[in-house]
Amino acid sequence: MKNDCIFCAIAAGEIPSFKVYEDDLVVAYLDINPFTKGHTLVIPKAHSQGLLETPDETLAAIIVRVKKVAAHLKAALPCDGFNILQNNGEAAGQTVHHVHFHIVPRYGQEPIVFENHAGNMDELKALAARIRL
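Quick summary incoming for the structure in this document. (Residues numbered from 1 in each chain as written. Predicted model: local features only at pLDDT ≥ 70, side-chain atom pairs only at ≥ 80, totals over all residues. Heavy atoms only, no water.)

**So, the overall build of the protein chain**
Helix and strand counts for the protein chain stand at 3 helices and 5 strands. Residue burial in the protein chain is summarised as follows: out of 133 residues, 35% are buried. Looking at the protein chain alone, contacts between residues at least 24 apart form 54% of all its contacts between residues at least 6 apart. Surface exposure of the protein chain reaches about 8900 Å², of which carbon and sulfur atoms provide 58%. Here the protein chain holds 12 positive side-chain charges and 15 negative ones, and the gap between their average locations is 7 Å. (Helix = DSSP H or I, 4+ residues; strand = E, 2+ residues; numbered from the N terminus. Buried < 20%, exposed > 50% of the residue type's maximum accessible area, 1.4 Å probe, protein only. Contact = heavy atoms within 4.5 Å. Areas by Shrake-Rupley, 256 points an atom, 1.4 Å probe, with all protein chains shown as cover. Lys, Arg positive; Asp, Glu negative; His and termini not counted. Charge placed at Lys NZ, Arg CZ, Asp CG, Glu CD.)

Below, the structure written as structure tokens:
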């Protein structure tokens, strides 16, 4: 591996993977530690650490491929729906520092667990004012 990035090595064909889609920009392959059957990663071939470091034009092109692969998974599996996940930084669960999108097929009434942290309206109003663009 030229830069010690496992996803770069997968994109270059140096490490085997179960590819489901590939073009000049991206590779999509099955996650080897899937959340559900058909859990697929979509990665750009060119290294970029995360969402904020990836050029806008590249992100726009990647999301078109994510949509294409997700539509194919939904039809081919078939699944009832899917989640698109994209983690940035270790605190967000990013374990490989190469921008990537997870397509997680969902079947029936599988539980999706996210913790709900209800805030009061005054706190939400202050937070919105602080972070508004």
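**Considerations on the nonpolar core**
Looking at soluble globular proteins, one finds that nonpolar side chains tend to be buried together. Counting 12 residues, the largest nonpolar core is built from Tyr 21, Val 26, Ala 28, Val 42, Leu 59, Ile 62, Val 66, Val 69, Ala 70, Leu 73, Phe 101 and Ile 103. Secondary-structure elements contributing two or more residues to this core are strand 2 (26–30), helix 2 (56–76) and strand 5 (101–106). Ignoring anything within four residues of it in the chain, the contact list for Ile 62 reads Leu 25, Val 26, Val 42, Pro 44 and Phe 101. In this structure, Cys 8, Tyr 29, Leu 41 and Val 96 belong to the second largest nonpolar core, which totals 10 residues. (Core = buried A, V, L, I, M, F, W, Y, C linked by side-chain atoms within 4.5 Å.)

**Looking at the sheet that holds strand 5**
With antiparallel pairing, the 5 strands of this open sheet are ordered in space as 1-2-3-5-4. For this open sheet the edge positions go to strand 1 (19–22) and strand 4 (81–85), each flanked by a neighbour on one side alone. If you compare each strand with its neighbour and ignore which way they point, the axes differ by 20° on average. Looking at chain direction, strand 3 (residues 40–44) and strand 5 are connected through 3 bridges and run antiparallel. Its bridge partner being in strand 5, Thr 40 is matched across the sheet by Ile 103. On the sheet, helix 2 packs against strand 1, strand 2, strand 3, strand 4 and strand 5 and is oriented at approximately 20° with respect to strand 5. (Pairing = 2+ DSSP bridges. Axes fitted to C-alpha atoms, helices over the stretch in contact; angles between N-to-C directions.)

**Some words on the packing of aromatic side chains**
Scanning the model with the defined rule gives 1 aromatic pair in all. With 6.1 Å between their ring centres and 80° between their planes, Phe 7 and Tyr 29 make a pair best called edge-to-face. Placement of the pair is Phe 7 in helix 1 (residues 6–11) and Tyr 29 in strand 2, with a sequence separation of 22 residues. Here Phe 7 falls in the buried class, since its relative accessible area comes to 7%. (Phe/Tyr/Trp six-rings, centres within 6.5 Å; stacked < 30°, edge-to-face > 60°.)

**Observations concerning a nonpolar patch on the surface**
On the surface, Phe 18, Val 20 and Leu 30 cluster together into a nonpolar patch covering about 270 Å² of accessible area. As for its position among the elements, Leu 30 is in strand 2. Judged by relative accessible area, which is 31%, Leu 30 ranks as partly exposed. (Patch = residues over 30% accessible without salt bridge, like charges linked within 9 Å, V, L, I, M, F, W, Y side chains within 5 Å. Salt bridge = Lys/Arg side-chain N within 4 Å of Asp/Glu carboxyl O.)

**Considerations on the pattern of salt bridges**
Per the stated rule, a full pass over the model turns up 5 salt bridges. Across the pair Glu 22 and Lys 19 runs a salt bridge whose closest N-O atoms are separated by 3.3 Å. On the basis of relative accessibility, which here comes to 38%, the residue Glu 22 falls in the partly exposed class. Across the pair Arg 106 and Glu 110 runs a salt bridge whose closest N-O atoms are separated by 4.0 Å. According to the relative accessible area criterion, Arg 106 is buried, its value standing at 19%. For Glu 110, a relative accessible area of 31% corresponds to the partly exposed category. Ionic contacts of the salt-bridge type, sharing partners, join the residues Lys 19, Glu 22 and Lys 45 into one network.

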